[in-house]
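Each chain is listed here by its residues.
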Amino acid sequence: MVPNSRPLLHFGFQVLRSCLSSAAMSPVASTGTFRQVLPLNYRSGTRVEPADGRDKEEAYEPATGRVIATFTCSGEKEVDLAIQNAKTAFKIWSQKSGMERSRILLEAARIIRERKEEIAAMESINNGKSIFEARVDIDISWQCLEYYAGLAGSLAGQHVQLPGGSFGYTRREPLGVCVGIGAWNYPFQIACWKAGPALACGNAMVYKPSPFTPITVVLLAEIFTEAGVPTGLFNVVQGGAATGEFLCRHPDVAKVSFTGSVPTGSKIMEMAAKGIKPVTLELGGKSPLIIFSDCVLENAVNGAMMGNFLTQGEVCCNATRVFVQREILDKFTEEVVKRTKKIKIGDPLLEDTRMGPLINKPHLEKVLGFIQKGKEQGMKVLCGGEAYIPGDSKLKNGFYMSPCVLGNCKDDMTCVKEEIFGPVMSILPFDTEEEVLERANNTIYGLAGGVFTRDIQRAHRVVAALQAGMCFINNYNISPVELPFGGYKRSGFGRENGEAAIEYYSQLKTVCVEMGDVESVF
Ligand SMILES: NC(=O)c1ccc[n+]([C@@H]2O[C@H](COP(=O)([O-])OP(=O)(O)OC[C@H]3O[C@@H](n4cnc5c(N)ncnc54)[C@H](O)[C@@H]3O)[C@@H](O)[C@H]2O)c1
Ligand SMILES: C[N+](C)(C)CCCC=O
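Quantities reported herein were computed from a predicted structural model and do not represent experimental measurements.

Concerning the sheet that holds strand β7 (residues 159-161)
Pairing is antiparallel in the open sheet, where three strands are placed in the order β7-β8-β22. Edge strands, defined here as strands with exactly one partner in the open sheet, are β7 and β22 (506-513). Neighbour to neighbour, the strand axes of the sheet diverge by 20° on average, direction disregarded. Where strand β8 (residues 167-174) meets β22, eight bridges bridge the pair, whose relative direction is antiparallel. By the bridge assignment, Tyr-169 is partnered in β22 with Val-511.

In structure tokens form, the structure reads like this:
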């Protein structure tokens, strides 16, 4: 554990005046007290109100249903200002050596570690995930910056000997101003997964978080400034689809890295295609977890729980189709249901809470709608699946539901086919390896997949056959930053994390050097 030396609430936040007496005196943030008062755009090394923009957005504290921030969505002028700032900073940053960039990224990672409690609390307040999980997300975030700091110094090309003493070499060069567009489920972590490799390679970035979770990425921007990046290297614009489109269509943008849904990913790709801009698309999933009867049952149950209920089930790579070999179906189901019923739902800032509220009311209703549809199609709700009101009266308007396990599932049912993005696990029996692989791959998605078995040969055979970019053997949903992460099929392309991400934030220049005289056929 890294020691935390700062109070939980940093000076950038203010609590509601009415709660000042209790909350501001305490070093611990409490649910129902936070209100964002500072601007949420970040440009020229400082927080700013957008230069233009018409639409207003409200961000919520999902735990209480309170509005905690109101902001104007950035218009075309503000987007352009952010991009021009980034272009200026790019000229300085791209000329630095990898070691120079590395030092600054390491400093940013150190500051994130130091401010971990504060950032995690804000993530928990704005997203609804438990503080326990938010801390893990922040750890993964600083580890990501540290990892790319480590790679920055060794980014290099190749030297190739040619005839007659001539030679060629390659230079790995940055792309320019990269745009990052993020989803709301891992707001700070997604921003770090994009900024880490982008900045290590010498690029600048303009980042747009989801309008549901606008808050913590601005902390990241402040941290980069404090760590010593050139002014304007990492900028934040706020807004929804319109702001995102201004970014994607801007002629000075060299690349778009997007995390979000398949339909939006498709629009992003279309816009980027017009400008021949490369894209990274981290999209949705409906991942299979295959549990063979020879598994260590307790590990498989743990894997299924981790693969379905982190962040209220709002996780792209979740293993929402749990295939269980028929011999252990009853035992596995009984254990999973028992464990699911015990999940502590409630105030996400409390230490023992393991499931907070969903992101907002429409999303909660959508998830509950899926369960209703499942029942109509003949699924059996084995536990949960209902709106939930915690005992604490301040949480009565929050967006909670009880985590759900569905039985009697068939492959063609809506809940088994579509991404629900909520705490809903579907259990599907199977008999043979061949059969389950066919069924597991029968999806438009290909983000992740997993297998639990003691048979080492079968484990490798199964993951080799899975059409998914991120596979787990005897575990699920862990995310070491050293390993590339990304999808097959409609779950997207390009990779985040690992050395692989460098490919997606840099380009190769070939230099051919003649050491003799020039011959000509003319
Ligand atoms: N593969 C991954 O790494 C990963 C990680 C997290 C979430 N996701 C996926 O994200 C989805 C949930 O996130 P969401 O609801 O925020 O997705 P979304 O597609 O609705 O929005 C994602 C982002 O795109 C922006 N956006 C929306 N329309 C746009 C447009 N026309 N042009 C430019 N930007 C636009 C949004 O404002 C937001 O910032 C799920 O499908 C989930 O699986 C994938
Ligand atoms: C950190 N996890 C759990 C692997 C999630 C990655 C981002 C997907 O939504």
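Concerning the pairing of strand β12 (residues 253-259)
Counting buried positions along β12 gives six out of seven residues, so the element sits mostly inside the fold. Inspection of the sheet shows strand β9 (residues 177-181) paired to β12 by five bridges, in the parallel sense. Bridge pairing links Ile-181 to Phe-258 in β12. Pairing of β12 with strand β13 (residues 279-282) involves four bridges; the strand directions are parallel. In the sheet register, Ser-257 faces β13, and the bridge partner there is Thr-280.

Focus on the site of ligand 2
Taken together, the neighbourhood of ligand 2 is formed by Asn-185, Tyr-186, Gln-189, Trp-193, Val-315, Cys-316, Cys-317, Asn-477 and Ser-479. With respect to ligand 2, the backbone of Cys-316 contributes an N or O atom lying 3.1 Å from an oxygen atom. Residue composition of the shell around ligand 2, by class: five nonpolar, four polar and no charged. Of the residues that make up the shell around ligand 2, three or more belong to each of domain 1 (41-283) and domain 2 (288-481).

Some details on the site of ligand 1
Near ligand 1 there are 30 residues, and of these Gly-182, Ser-261, Thr-264, Leu-283 and Glu-419 occur at the shortest range. Measuring from an oxygen atom of ligand 1, one finds a backbone N or O atom of Gly-260 at 3.2 Å. In this structure, an oxygen atom belonging to ligand 1 sits 2.6 Å away from a side-chain N or O atom of Ser-261. About the coverage of ligand 1: the protein hides 89% of its 850 Å² of free accessible area. Breaking the shell around ligand 1 down by element, the ones donating at least two residues are α8 (241-249), β12 and α9 (262-274). By residue number, the principal contributor to the shell around ligand 1 is α9, which donates four residues. In the shell around ligand 1, the residues fall into 15 nonpolar, ten polar and five charged. Each of domain 1 (41-283) and domain 2 (288-481) gives at least three residues to the shell around ligand 1.

So, the packing of aromatic side chains
What the rule picks out here adds up to eight aromatic pairs. On the basis of an interplanar angle of 85° and a centroid distance of 5.3 Å, the ring pair of Phe-292 and Phe-430 is categorised as edge-to-face. Of the two residues, Phe-292 sits in the loop between β14 (288-291) and α10 (297-309) while Phe-430 sits in strand β18 (residues 424-430), which places them 138 residues apart along the sequence. Each of the two residues, Phe-292 as well as Phe-430, counts as buried. Following the ring pairs from residue to residue traces out a cluster consisting of Tyr-207, Phe-224 and Phe-234. The ring of Tyr-505 carries the charged tip of Lys-255 above its face, separated from the ring centre by 4.9 Å. The aromatic ring of Phe-132 is capped on one face by Arg-354, whose charged end is 4.0 Å from the ring centroid.

Re unusual backbone geometry
The backbone of Asn-474 shows a phi angle near 55°, a positive value even though the residue is not glycine. Assignment of secondary structure puts Asn-474 in the loop between β20 (470-473) and β21 (492-493). A positive phi is found at Lys-489, a non-glycine position, where the angle reads about 50°. Along the chain, Lys-489 turns up in the loop between β20 and β21.

Considerations on the UniProt feature "active site" (unreviewed entry) in the protein
With numbering matched to this structure, UniProt assigns "active site" (unreviewed entry) to Glu-282. Note that Glu-282 resides in strand β13. The class of Glu-282 is buried, set by a relative accessible area of 4%. Not counting the four nearest positions on each side in its chain, Glu-282 is found in contact with Phe-258, Thr-259, Gly-260, Leu-447, Phe-485, Gly-486, Gly-487, Ser-491, Gly-494, Arg-495 and Glu-496.

Digging into the nonpolar core
Ile-112, Met-205, Phe-224, Phe-234, Ile-268, Ile-291 and Phe-332 are the most contacted members of the largest nonpolar core, which has 123 residues in total. Among the elements that make up this core, the one with the highest residue count is helix α5 (residues 131-152) (twelve residues). Once residues within four sequence positions are removed from consideration, Ile-268 is found in contact with Ile-181, Cys-248, Val-256, Phe-258, Val-279 and Leu-281. Residues Leu-358, Leu-437, Ala-440 and Val-463 belong to the second largest nonpolar core, which totals 29 residues.

Topic: the environment of Lys-489
The partly exposed category is assigned to Lys-489, whose relative accessible area is 37%. Lys-489 sits 58 residues away from Asp-431 along the chain, and the two C-alpha atoms are 26 Å apart. The residues touching Lys-489, leaving out its near neighbours within four places in the chain, are Asn-441, Thr-443, Ile-444, Tyr-445, Gly-446 and Gln-467. In terms of polar contacts, Lys-489 uses its side chain to reach the side chain of Gln-467, at 2.8 Å.

Comments concerning the pattern of salt bridges
Under the counting rule described, the total for this entry stands at 27 salt bridges. The residue Glu-173 makes a salt bridge to Arg-171 at a minimum N-O spacing of 2.6 Å. Overall, the relative accessible area of 14% leaves Glu-173 in the buried class. Note that Glu-173 is salt-bridged to Lys-509, the shortest N-O span being 3.2 Å. Here Lys-509 lies in strand β22 and Glu-173 lies in strand β8, a separation of 336 residues in the sequence. Three or more residues joined by partner-sharing salt bridges are found here, namely Glu-107, Arg-110 and Glu-114.

Cut-offs used in this document
Residues numbered from 1 in each chain as written. Chains lettered and ligands numbered in written order. Predicted model: local features only at pLDDT ≥ 70, side-chain atom pairs only at ≥ 80, totals over all residues. Heavy atoms only, no water. Pairing = 2+ DSSP bridges. Helix = DSSP H or I, 4+ residues; strand = E, 2+ residues; numbered from the N terminus. Axes fitted to C-alpha atoms, helices over the stretch in contact; angles between N-to-C directions. Buried < 20%, exposed > 50% of the residue type's maximum accessible area, 1.4 Å probe, protein only. Near = heavy atom within 4 Å. Polar contact = N/O pair within 3.5 Å; in protein donor to acceptor, adjacent residues only side chain to side chain. Nonpolar A, V, L, I, M, F, W, Y, C, P; charged D, E, K, R; others polar. Domains from an automatic or database assignment. Areas by Shrake-Rupley, 256 points an atom, 1.4 Å probe, with all protein chains shown as cover. Phe/Tyr/Trp six-rings, centres within 6.5 Å; stacked < 30°, edge-to-face > 60°. Lys NZ or Arg CZ within 6 Å of the ring centre and 35° of its normal. UniProt positions renumbered as here; feature names shortened; annotations may be inferred. Contact = heavy atoms within 4.5 Å. Core = buried A, V, L, I, M, F, W, Y, C linked by side-chain atoms within 4.5 Å. Salt bridge = Lys/Arg side-chain N within 4 Å of Asp/Glu carboxyl O.

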